[in-house]
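What follows is the residue order along each chain.
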Amino acid sequence: MTTTDVQNLFNRIAPVYDDLNQQLSWGLHRVWKLMTVKWANPQPGDCALDVCCGSGDLALLLAKQVGKNGRVVGVDFSRGQLAIAQARGEEQYPHHHLDWQEGDALALPCENASFDCATMGYGLRNVGDIPRSLRELHRVLKPGAKAAILDFNHPQNPLWKTFQQWYLDQIVVPTAQRFNLKEDYAYIMPSLDRFPTGPEQVALAHTAGFSKATHYPITGGLMGVLLVEKG
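Residues numbered from 1 in each chain as written. Predicted model: local features only at pLDDT ≥ 70, side-chain atom pairs only at ≥ 80, totals over all residues. Heavy atoms only, no water.

By the naming in an unreviewed UniProt entry, the protein chain is 2-phytyl-1,4-naphtoquinone methyltransferase, taken from Spirulina subsalsa FACHB-351. The UniProt entry for the protein chain carries the following text under Sequence similarities (unreviewed entry): "Belongs to the class I-like SAM-binding methyltransferase superfamily. MenG/UbiE family." (UniProt positions renumbered as here; feature names shortened; annotations may be inferred.)

Rendered as structure tokens:
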């Protein structure tokens with residue numbers, strides 16, 4: 001899929017995106033996102049960034065941590081997703097500083113060294129140029145800042161590999177079909193096949209300039225969090 005195809009996909013699924021995530025993950029996506037935000041280590045008063053923010057889950061978790069004296073910027077290329085994120089932010093955190101910006105993860109609309117921490121959920125796998133995306137993330141972080149990147153992973157255990165294939169075939173496809181999105185979600189498996197493994201992500205992060213990078217497999221390796229730190 002081209003970048004335009006992915007953008008159109010996320011605009012189309014915006015109205016059902018949250019319900020779909022809840023059903024596809026059996027609610028576990030909330031736990032994974034809490035872990036991701038914890039690893040990013042947001043502090044009260046911080047300026048935090050959520051890249052590929054979608055409907056705002058991670059950005060709103062960041063807002064809770066940075067508080068009313070902090071600021072959260074959510075960037076996404078889908079106007080449909082941003083509209084939902086903004087509505088959720090106004091409802092849940094009306095007195096917080098939340099800024100929703102339409103933008104590309106490969107050319108973030110942000111100043112150099114302007115964020116204390118960052119997150120990205122299910123975005124790295126969908127960008128057109130992963131090394132460039134990591135370089136952009138490095139550019140906008142302050143020295144010492146951490147970023148946590150959540151996405152699907154390649155399980156090493158054969159049983160978990162088998163389970164992942166069963167999950168995609170028997171859970172993802174039928175659920176997407178119920179939402180009339182079967183063809184839209186057919187891209188997940190090919191995108192996962194192309195997605196770098198944990199060690200490969202660590203190497204790419206170091207090449208992008210990060211001084212520290214660790215990949216943490218979670219839920220049997222079905223998912224993973226790449227934690228990076230700018231030196």
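Now that the structure has been shown, the text picks up again.
(A) Seen up close, the side chain of Asp-46. Mapped onto the elements, Asp-46 comes out in the loop between helix 3 (28-40) and strand 1 (47-51). As a buried residue without a salt bridge, Asp-46 has its nearest oppositely charged side chain in Lys-142, at a separation of 6.6 Å. The residues touching Asp-46, leaving out its near neighbours within four places in the chain, are Asn-41, Val-66, Gly-70, Arg-71, Asp-116 and Cys-117. (Helix = DSSP H or I, 4+ residues; strand = E, 2+ residues; numbered from the N terminus. Buried < 20%, exposed > 50% of the residue type's maximum accessible area, 1.4 Å probe, protein only. Lys, Arg positive; Asp, Glu negative; His and termini not counted. Salt bridge = Lys/Arg side-chain N within 4 Å of Asp/Glu carboxyl O. Contact = heavy atoms within 4.5 Å.)

(B) Molecular detail of the pairing of strand 2 (residues 71-76). Most of strand 2 sits inside the fold, with 5 of its 6 residues counted as buried. Bridge count for strand 1 against strand 2 is 5 bridges, and the pairing is parallel. Directly across from Cys-47, in strand 2, lies its bridge partner Arg-71. Read as a crossover between parallel neighbours, the route from strand 1 over helix 4 (residues 57-66) to strand 2 is right-handed. (Pairing = 2+ DSSP bridges. Right-handed = clockwise from strand over helix to strand, strands pointing away.)

(C) Seen up close, unusual backbone geometry. The backbone of Asn-41 shows a phi angle near 60 degrees, a positive value even though the residue is not glycine. Asn-41 gets classed as partly exposed once you look at its relative accessible area, which sits at 39%. The backbone of Tyr-122 shows a phi angle near 55 degrees, a positive value even though the residue is not glycine. Counting through the fold element by element, Tyr-122 comes out in the loop between strand 4 (115-121) and helix 6 (130-140).

(D) Spatial organisation of a nonpolar patch on the surface. A grouping of Trp-26, Leu-28, Val-31 and Trp-166 is seen on the molecular surface, where their side chains present a nonpolar patch of about 400 Å² in accessible area. By relative accessible area, Trp-166 is classed as partly exposed at 41%. (Patch = residues over 30% accessible without salt bridge, like charges linked within 9 Å, V, L, I, M, F, W, Y side chains within 5 Å. Areas by Shrake-Rupley, 256 points an atom, 1.4 Å probe, with all protein chains shown as cover.)

(E) Layout of the nonpolar core. Among the nonpolar cores identified, the biggest contains 30 residues, and Leu-49, Phe-115, Leu-137 and Leu-141 are the most heavily contacted of them. Listing elements by their share of this core, those giving two or more residues are strand 1, strand 2, strand 4, helix 6, strand 5 (141-152), helix 10 (198-207) and strand 7 (223-229). Here Leu-137 is in contact with Leu-49, Val-51, Leu-108, Ala-118, Ala-147, Ile-149 and Phe-210, once residues within four sequence places are set aside. Counting 18 residues, the second largest nonpolar core, distinct from the first, contains Leu-24, Phe-152, Val-225 and Leu-227. (Core = buried A, V, L, I, M, F, W, Y, C linked by side-chain atoms within 4.5 Å.)

(F) How the structure looks around the pattern of salt bridges. Taken as a whole, this structure holds 7 salt bridges when the rule is applied. With its nearest N and O atoms 3.0 Å apart, the salt bridge here joins Arg-71 to Asp-99. Of this pair, Arg-71 sits in strand 2 while Asp-99 sits in strand 3 (residues 97-102), placing them 28 residues apart in sequence. Overall, the relative accessible area of 35% leaves Arg-71 in the partly exposed class. Ionic contacts of the salt-bridge type, sharing partners, join the residues Lys-33, Asp-57 and Arg-88 into one network.

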